Amino acid sequence: MWLPDMNPQEHHGILHWRRRLGLLSGGIALLAGLVAEALESGPALRFVGQGGAVCLLANRDDDDRDGLADADDDRVNGAADLGDLAAVVIEAGDPRITAVALACDAPAIAWFRRDGEGWQKLAADDLLPLEAGRADLLVECRTWASAAPGWDGEATLTAVGRDAVGQELARAELPVQVAPVLLVPETRPVREVYVSRGRYDNDAFVAGLESLLDRLTVPLRVHDAGAWQEMWMQDTMELGATAVPDRDGEAEAAGLTVVLAGLRGVDPFPLTLLGPDVAVAELARQRPLTGGDAWADWYGNLMAAPATEAWPQGRVIYGRNVATGEAFHPDVIGFLRAQQAQSPVWIDTSWLLIKHVDEIVAFLPGRDGRGCLVVVDPLAGLEQARAAGLEQAVGPQAEAFAETNRRIAAIVAAMLAGGGSEPRAGDADGPGGVVPARAGLLALLGWDPERVVRLPVAFEIPGELPPKGLTDATSLWSNPVNALFVNGTVICGNADMPAAVIEACRDAFLAAGAQRVEFLDDACYHRMKGNVHCGTNARRTP
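Below: a short report on this structure. Every value quoted in this text rests on a predicted model; they were computed, and no experiment measured them.

**Digging into the side chain of Gln234**
Alright, step 1. Counting through the fold element by element, Gln234 comes out in helix H4 (residues 233–236).
Alright, step 2. Judged by its relative accessible area of 3%, Gln234 falls in the buried class.
Alright, step 3. A polar contact is formed between the side chain of Gln234 and the backbone oxygen of His533, at a distance of 3.4 Å.
Alright, step 4. Beyond its immediate chain neighbours, meaning those up to four positions away, Gln234 contacts Glu186, Tyr299, Gly300, Asp358, His533, Cys534, Thr536 and Asn537.

As structure tokens, this is what we get:
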């Protein structure tokens, strides 16, 4: 099970959520189940064994499999649902207190009283009788922190102790905090892989993928696509996670996979994943994007970088077209910012046809487990294209082809290291703090430049090369950055890939921490301007 490394210090102006819970620097999280006194007006009434605050899951999975999120009804949905709620005990030290009334300053918080063998939901100010001076409660959070309508994920549960005639005798307060939703880096272990079929004649690809995954004992779920957009499984959803610590603060007591549902209006598959320990978040509406930005809100344009010392939860990376200013859906980025854990950064995707971040960078674990950033290398790709005698590299348009790749290499270099005539990477919150305004992705992530591994990819553009700049670039062969990493194995496409490039990629993947490298014919996707990562998705263990 997963426990986020909740470093309590502030990073670049983002107040870490553990600090917001009032935790001591370097201390163990005083969350649900820890023994300490709660905030209270006096010893006459108190919350017992909850510490300074309670951390809650947003109870949006479907433990009873009725097709509704558990928080959308008024009951506790069986034994499995109990683990998604927080047990709270109220204790009165004054024998005159015979009942308590509960209230909360956030509508997202609900509570249940014990009722025989089950639990009954209480409304605000409903009297809760005490037995032998105490009462058991279950506290539920119904949603996540969000930028809109604007809840920061914090609330205060107030208990008012009353005597037999209803007079108030004491009060106690318990701060509550919803656990953040985090995107899961693709270096993490895979539990299940997803792919679609029905278009693009990809039966051979699916069979090959299934064979590879069988050897890795990883199940493959195949979806029958109703629309061509669904063939791009990476773009139909993003899988994140949320969890709360256990009693010792060293593992999770409970956790959920959180599926960020598609933004394209033709994505029914994510909704089918709702079930026990799997929640679905529908965060935004489809936008009427056109032209070169038509694919901006596809989830291949969003990923999570692994943790670094500066950013112990990693950071969200999304694409931005610096030529038009369009970027990945602002409502989703706003939601991720509201989690206050993986502060988002953008990189420039303007030079690509599809304009997705998963065509530019990826991450592998590194041989020492500290991670490697994998990035396209157009100059190495140019040399490989020349060595293979490809028409684009040695024919009449060879100089334009070479200049195309030199320009892309300069853009990528500025994206990584900063500098250049205009920013190619940046903080979603704007420049400031300890990161300079023209910093590159490496500085934004706190990433060691020595932990960058480059893969040979040559690019071409349609038509003539403009006097300056460029756009609509696509890879000449399967883009190896756009690969699927599954439990130590890189699964990479090899459509139109020269033999020397295959070997160079194999060596680079192994240097970046892969244990094995498998190549798969992904021509069905490559001819439609995508590759293995675009056509697949994976549920990972956080």
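Right, picking up where we left off after that structure.
**As for helix H11 (residues 499–511)**
Alright, step 1. In this model H11 runs 19 Å from its N-terminal to its C-terminal C-alpha over 13 residues, within 8% of the 18 Å that 1.5 Å per residue would give.
Alright, step 2. Among the residues of H11, Val501, Ile502, Cys505, Ala508 and Phe509 are the ones counted as buried. The buried side chains of H11 occupy one side of the element, clustering within an arc of 130° when seen end-on. Relative to its buried face, H11 has exposed residues pointing more than 90 degrees away, namely Ala499 and Asp507.
Alright, step 3. On its buried face, H11 is in contact with strand E20 (361–364), helix H7 (378–387), strand E23 (452–456), strand E27 (489–493) and strand E28 (516–520).
Alright, step 4. Downstream of H11 by one or two residues, Gly513 has phi in the positive range, about 110°.

**Points about the pattern of salt bridges**
Close approach of charged atoms allows side chains of opposite charge to pair.
Alright, step 1. In this structure the tally under the stated criterion is 28 salt bridges.
Alright, step 2. Among the salt bridges present, the one from Asp74 reaches Lys121, with a minimum N-O distance of 3.1 Å. With a gap of 47 residues between them, Asp74 in the loop between strand E2 (54–56) and helix H2 (79–82) and Lys121 in strand E6 (residues 118–122) connect regions that are remote in the sequence.
Alright, step 3. Exposure remark for Asp74: the relative accessible area of 54% places this residue in the exposed category.
Alright, step 4. On the basis of relative accessible area, Lys121 is assigned to the partly exposed category, the value being 26%.
Alright, step 5. Linking Glu403 and Arg407 is a salt bridge whose minimum nitrogen-to-oxygen distance equals 3.0 Å.

**A word on the layout of surface pockets**
Alright, step 1. In this structure, the second largest pocket occupies an estimated 410 Å³ of space.
Alright, step 2. Lining the second largest pocket are 19 residues, with Thr143, Ser146, Ala148, Pro149 and Leu283 sitting closest to its centre.
Alright, step 3. Secondary-structure elements contributing two or more residues to the lining of the second largest pocket are strand E16 (278–281) and helix H6 (330–338).

Thresholds applied
Residues numbered from 1 in each chain as written. Predicted model: local features only at pLDDT ≥ 70, side-chain atom pairs only at ≥ 80, totals over all residues. Heavy atoms only, no water. Helix = DSSP H or I, 4+ residues; strand = E, 2+ residues; numbered from the N terminus. Buried < 20%, exposed > 50% of the residue type's maximum accessible area, 1.4 Å probe, protein only. Polar contact = N/O pair within 3.5 Å; in protein donor to acceptor, adjacent residues only side chain to side chain. Contact = heavy atoms within 4.5 Å. Expected span 1.5 Å × (residues − 1). Arc of directions from axis to C-beta. Salt bridge = Lys/Arg side-chain N within 4 Å of Asp/Glu carboxyl O. 1 Å grid on protein atoms, 1.4 Å probe; cavity = no way out; pocket = protein on both sides within 12 Å on 5 of 7 lines; lining within 4 Å. Points joined across faces, edges and corners; volume = space filled by probe spheres on them.

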